[in-house]
Amino acid sequence: MRCETALITVLFTVLLSLLQGCATPSRLGAVPVKDTTRASIPGIPNARFWVDADLNPLIREDIKEFEREEVEWAREGHRGPLPPANYLAISGGGDDGAFGAGLLVGWTQAGDRPTFKLVTGVSTGALIAPFAFLGSEYDDPLRAVYTQVTPQDIAIQRGLLAALTSDAIADNQPLFTLISKYFTPDLLARIAEEHRKGRLLFIGTTNLDARRPVVWNMGAIAEAAGHNPQALELFRRILLASAAIPGEFPPVMFDVEVDGKPYQEMHVDGGAMRQVFLYPANLSATARQEGIQVFARRVRKAYIIRNARLDPDWATVERSTLTIAGHAISALIETQGIGDLYQLYVLAQRDHLDFNLAYIGADFTVEHQEDFDPRFMRALFDYGYQLGRKGYPWQKVPPGLAVAKNP
């Protein structure tokens, strides 16, 4: 999230507090706190995981997908151990997602882009992740999404009164229309096909009622689309929710059930909890305690694309309350993103993953004038593309760590 968006959100929150008596959009009751993790999506029992709670459902899913992968490996005529497993985690970053999109397309041109066993995405990374999961045959739509959109393709600003009495300052229906254009029944069928081969596609959102992260099992949802007519809509709405910046864009409401009783959950941008993720830090330890081996003995590589700069974003700050608050929130989010990278690095070291990090370098100097500015996004896409095409110099440690080890 950029400083301008953070500032707008702060302003919106302050003004909203002055209008608490005004009518706001209605909703079904939230899931009672004691039933939070029991709430399910009707008809798709393995649609999502609570990664800060009981990990057994996720462990069972991992085991099932490993077994599917073994079957597919044998069906293709292979013998012996499975090949190396490549993981890809794509972060949030708004229109900076053009960097990750360009890097992936350029990586295809370099000729050594792997097929990923696991792909995860948050916010703008959630929009990239399904294309990355399906591979280079979907490079053209990935390029189109990040080089041809305009601000009007993302959201429509609401009037001041409408914004203050509703649930956001902008209407992101245009973004949902864009999502619906590209995420079609045919695309879900392709994701389901790959899921059946033992590959995983996870998207992160934030359950705002519970203030907890949720990981959605997009391959399972795509597979359910073959018999559940609601699965396609659910898939699209999850992508919309993962990119729903609180206050800036409306939250996405999901209908759930507990013991047959209907409730609604409010979900917003997955970046409110974490900017990038792979799998829960205690997954392997929890599995071992249960006598289960979730990670096969194989080479595993983790690629992390951080759709952001990691050098300080300098700017003169005016001495006004809202400007100061906006810059402070922006700095907090940037720092959270760097902290997420360190967490992934520790996870990789402990679980013996080869750690590889990409991010926007200080050498990219095109000025950012407004969110989703086509000129800026095309330049950033090309920057990522050229780096990927030439063979990206993946960083083996998070920013600052190498300096700390070699003063």
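That block above? That's the structure.
Residues numbered from 1 in each chain as written. Predicted model: local features only at pLDDT ≥ 70, side-chain atom pairs only at ≥ 80, totals over all residues. Heavy atoms only, no water.

A. Examining the pairing of strand E11 (residues 354-360) more closely. Within E11, five of the seven residues are buried, which leaves the element mostly enclosed by the surrounding structure. Sheet analysis places strand E10 (residues 300-309) next to E11, joined by seven bridges and oriented parallel. Following the sheet pairing, Tyr 303 is matched in E11 by Asn 356. (Buried < 20%, exposed > 50% of the residue type's maximum accessible area, 1.4 Å probe, protein only. Helix = DSSP H or I, 4+ residues; strand = E, 2+ residues; numbered from the N terminus. Pairing = 2+ DSSP bridges.)

B. Layout of the pairing of strand E3 (residues 118-122). Among the five residues that make up E3, five are buried, leaving the element largely enclosed by the rest of the structure. In E3, alternate side chains face the same way, and those of Leu 118, Thr 120 and Val 122 on one face and Val 119 and Gly 121 on the other are all buried. Sheet topology places strand E2 (residues 85-90) next to E3; four bridges connect them, and they run parallel. Within E3, the residue paired with Ile 90 across the bridge is Gly 121. Tracing the backbone out of E2, into helix H3 (residues 97-110) and back to the parallel element E3 gives a crossover that is right-handed. Pairing analysis gives five bridges linking E3 to strand E6 (residues 200-207), with the strands arranged parallel. From the neighbouring strand, Gly 121 faces E6, where its bridge partner is Ile 203. (Right-handed = clockwise from strand over helix to strand, strands pointing away.)

C. Summary view of unusual backbone geometry. If you check the backbone angles, Arg 211 has positive phi at about 55 degrees while not being a glycine. Tracing the backbone shows Arg 211 in the loop between E6 and strand E7 (212-217). For Arg 211, a relative accessible area of 68% gives the class exposed. Here the phi dihedral of His 352 falls at roughly 60 degrees; this positive angle occurs in a residue that is not glycine. By the element assignment, His 352 lies in the loop between helix H12 (321-351) and E11. Given the relative accessible area of 66%, His 352 is considered exposed.

D. Region of the structure containing helix H10 (residues 231-242). Over its 12 residues, H10 extends 17 Å from the first C-alpha to the last, a length consistent with the 16 Å expected when each residue adds 1.5 Å. Most of H10 sits inside the fold, with 10 of its 12 residues counted as buried. Among the residues of H10, Ala 231, Leu 232, Leu 234, Phe 235, Arg 236, Ile 238, Leu 239, Leu 240, Ala 241 and Ser 242 are the ones counted as buried. (Expected span 1.5 Å × (residues − 1).)

E. Spotlight on the packing of helix H7 (residues 173-182) against H10. Packing of H7 against H10 leaves a shortest axis separation of 10 Å and a crossing angle of 130 degrees. Classed by the angle they form, the pair H7 and H10 counts as oblique. Crossing of H7 over H10 shows right-handed handedness. Between H7, through Leu 175, Phe 176, Ile 179 and Ser 180, and H10, the contact on the second element is made entirely by Glu 233, Arg 236, Arg 237, Leu 239 and Leu 240. Each residue belonging to the contact of H7 with H10 can be placed in one class, and the counts come to five nonpolar, one polar and three charged. (Axes fitted to C-alpha atoms, helices over the stretch in contact; angles between N-to-C directions. Parallel < 35°, antiparallel > 145°, perpendicular 65-115°, else oblique. Left-handed = near helix turned anticlockwise from the far one by under 90°. Contact = heavy atoms within 4.5 Å. Nonpolar A, V, L, I, M, F, W, Y, C, P; charged D, E, K, R; others polar.)

F. Main features of the pattern of salt bridges. In the structure shown here, the tally under the stated rule is 23 salt bridges. Between Glu 194 and Lys 197 there is a salt bridge, with the nearest N and O atoms lying 3.2 Å from each other. A relative accessible area of 25% places Lys 197 in the partly exposed class. Measuring nitrogen to oxygen at the nearest pair gives 2.9 Å for the salt bridge that ties Arg 309 to Asp 311. One network of salt bridges, with partners in common, ties together Glu 137, Arg 190, Glu 193, Glu 194, Lys 197 and Arg 199. (Salt bridge = Lys/Arg side-chain N within 4 Å of Asp/Glu carboxyl O.)

G. A look at the packing of helix H4 (residues 124-134) against helix H8 (residues 185-195). Running from N to C, H4 and H8 cross one another at 60 degrees; their axes reach a closest spacing of 10 Å. Put simply, H4 runs oblique to H8. Between H4 and H8 lies a crossing whose hand is left-handed. Along its contact with H4, which presents Pro 130, Phe 131, Phe 133 and Leu 134, the element H8 presents Leu 187, Arg 190, Ile 191, Glu 194 and His 195. Class assignment for the residues of the contact of H4 with H8 results in six nonpolar, one polar and two charged.

H. Representation of the packing of aromatic side chains within the structure. A full pass over the atoms with the stated rule returns 15 aromatic pairs. When the centroid spacing of 6.2 Å and the interplanar angle of 75 degrees are considered together, the rings of Phe 116 and Tyr 303 count as edge-to-face. In this pair, Phe 116 sits in the loop between H3 and E3 while Tyr 303 sits in strand E10, placing the two residues 187 residues apart along the sequence. Here the two residues Phe 116 and Tyr 303 agree in accessibility, since each one is buried. For the ring pair Trp 216 and Phe 254, a centre distance of 5.0 Å and an interplane angle of 40 degrees mean the geometry is tilted. Taken as a pair, Trp 216 in strand E7 and Phe 254 in strand E8 (residues 252-258) lie far apart in primary sequence, 38 residues in all. (Phe/Tyr/Trp six-rings, centres within 6.5 Å; stacked < 30°, edge-to-face > 60°.)

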